[in-house]
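Each chain is listed here by its residues.
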Amino acid sequence: MNLWLWILIACALAYLTKLVGYFVPAKLLESPRIMHVAGTMTIGLLASLTVVNAVASGQGLVLDARIGALVAAAVALWLRAPFLVVVISGAAAAALLRLLGWG
Amino acid sequence: MSGSSPPMKLRESPAFKIAVSLSIATGLYGVSFGALAVASGFDFWQTMVLSLLLFSGGSQFAFIGVVAGGGSGVAAMTASALLGLRNGIYGMQINAMLRPGGWKRYISAHVTIDESTATASGQSDPDEQRRGFWTAGIGIFILWNIFTAIGALAGDAMGDPKQWGLDGAAVAAFLALLWPRLKGREPWAIAAACALATILAVPFVPSGVPILVAAVVAGVIGWFSHARMDEGLEPDVDPYAGQHKREHGGGK
């Protein structure tokens, strides 16, 4: 078994997967219904990415310092903090909780 | 660089600022990939090729994770490919937003990842979407590869990036990108449904797939909510068009 071979195949597949999305016919994208679906999908993907990064650990669900990051970010956003401040609040909350020995 | 309307200074562009902070937070994480890959038995160039050519964090960690766990190359490749499927959906969305033409789409495809798509999606102005996508895509590509190399060379000497809260930064960044879209009842309902679908899916499917499940849930909701919205409002559909086509054995 040659590891190099599988690495290169994985690279090719990753690129082709990304590229395929760009070749979905333009006509489809002009339909208002498809555009509406693209909008709801954006919300769904962002919500899912947030949750996955907050509580997933492989195939397990864990409550660790990342929950603190989620809460800190939500508070910062609610206070209308700019993006960078929100991100730093998240990182600081997670780092602090770990320093205190949780998660 | 002269046009009818003066270009916005990059530093004043909100999408640019978001993209730069995301690039730094994500790029730094490359250290942990580099260190982990070398610790799992990959050599320096194998590690670098994964960051340069595969370039999708989740898939890269999956690939080395399977090998580190004693899995075969085929299994590593399968896990990585499965995890990368969502990038196909991202490609569709970026294409709908930016419509890159010619050779540009071949480059934009390569930098179509969670963060670049999320940065673009978080903006409503097309110019901002473009700035956000390219800045995050290229910025992360450069930093991710530099820090992969540092991690691969320095190994574990730098400590766990979790200690610096970088995983918390990712959570905060994705929430911050979602936040401005949560205006009104439907977006909240979709976000809640997809968050729930993700949590329910995590234990049962390989990592990376829960995001696809959420995408399907969001797509189905969007498909049907659009139908509801449009009841009696869509005059441009000729109910007989399909029939004519069929009768005459073809389209126009």
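Scoring rules and cut-offs
- Per-chain numbering applies: the sequence of each chain, read as written, is numbered from 1 onward.
- Both sets of labels track the order of writing: A upward for chains, 1 upward for ligands.
- Confidence filtering applies because this is a predicted model: local features only for residues at pLDDT of at least 70, side-chain atom pairs given and counted only at 80 or more, and all residues used for totals across whole chains, interfaces and linings.
- Only DSSP runs of H or I reaching four residues or more are called helices, and only runs of E reaching two or more are called strands; each is numbered from the N terminus.
- Only the C-alpha atoms count toward the radius of gyration. The rule for a globule is 2.2 Å times the residue count to the power 0.38.
- Using C-beta atoms placed from the backbone, we call a residue buried if 20 or more other C-beta atoms fall within 10 Å of its own, exposed if 12 or fewer do, and partly exposed for counts in between.
- For every residue pair, C-beta atoms are placed from the backbone, and the pair is scored as a contact if these atoms sit within 7 Å.
- Lines are fitted to the C-alpha atoms to define the axes, a helix being fitted only along its stretch in contact, and any angle between axes, read from their N-to-C directions, falls within 0 to 180 degrees.
- Our angle categories are set so that under 35 degrees counts as roughly parallel, over 145 as roughly antiparallel, 65 to 115 as roughly perpendicular, and the remainder as oblique.
- Crossing handedness: left-handed means the near helix sits turned counterclockwise from the far one by under a right angle, and right-handed means the same turn made clockwise.
- Under the scheme applied here, ten amino acids are nonpolar (Ala, Val, Leu, Ile, Met, Phe, Trp, Tyr, Cys and Pro), four are charged (Asp, Glu, Lys and Arg), and all others, including Gly, are polar.
- UniProt positions are given in the numbering used here, feature names are shortened, and annotations may be inferred rather than shown by experiment.

Named according to an unreviewed UniProt entry, chain A is Integral membrane protein originating from Paenarthrobacter aurescens.

Asker: How would you summarise the overall build of chain A if you had to cite specific residues and measurements?
Answerer: From N to C terminus, chain A includes 5 helices and 2 strands. Traced from its N-terminal end to its C-terminal end, chain A shows the element sequence α-α-α-β-β-α-α. Relative to the compact-globule value of 13 Å for 103 residues, chain A shows a C-alpha radius of gyration of 19 Å, a clear excess of over 25%. Seen through its principal axes, chain A has C-alpha atoms that stretch 50 × 50 × 25 Å. Residue burial in chain A is summarised as follows: out of 103 residues, 50% are buried. Taking all contacts inside chain A whose residues are at least 6 apart in sequence as the whole, residues at least 24 apart take part in 38%.

Asker: Describe the packing of helix 1 (residues 3–22) of chain A against helix 3 (residues 44–54) of chain B, listing the residues and the values that go with them.
Answerer: Helix 3 of chain B packs onto helix 1 of chain A with a crossing angle of 15 degrees between their chain directions and a minimal axis gap of 9 Å. Between helix 1 of chain A and helix 3 of chain B, the crossing angle belongs to the class labelled roughly parallel. Taken as a pair, helix 1 of chain A and helix 3 of chain B cross one another with a handedness that is right-handed. Between helix 1 of chain A and helix 3 of chain B, the contacting residues are Leu3, Trp4, Ile7, Ala10, Cys11 and Ala14 of chain A on the first element and Gln46, Val49, Leu50, Leu53 and Leu54 of chain B on the second. Of the residues belonging to the contact of helix 1 of chain A with helix 3 of chain B, the class tally is 10 nonpolar, 1 polar and no charged.

Asker: Requested: an account of the environment of Asp43 of chain B, with residues and values cited.
Answerer: Residue and element names in this part refer to chain B. Turning to its location among the elements, Asp43 is positioned in the loop between helix 2 (30–39) and helix 3. Accessibility expressed as a C-beta count within 10 Å gives 13 for Asp43, which makes it partly exposed. Linking Asp43 and Ala152, residues 109 residues apart in sequence, is a C-alpha distance of 8.4 Å.

Asker: Which residues make up the UniProt feature "transmembrane region" (unreviewed entry) in chain A, and what values do they have?
Answerer: All names here are of chain A. With numbering aligned to this structure, UniProt lists the feature "transmembrane region" (unreviewed entry) at residues 6–24, 36–55 and 67–100. For residues 36–55, helix accounts for 100% and strand for 0%, while the C-alpha atoms at its two ends are 29 Å apart. Split by type, residues 67–100 is 85% helix and 0% strand. Its first and last C-alpha atoms lie 14 Å apart.

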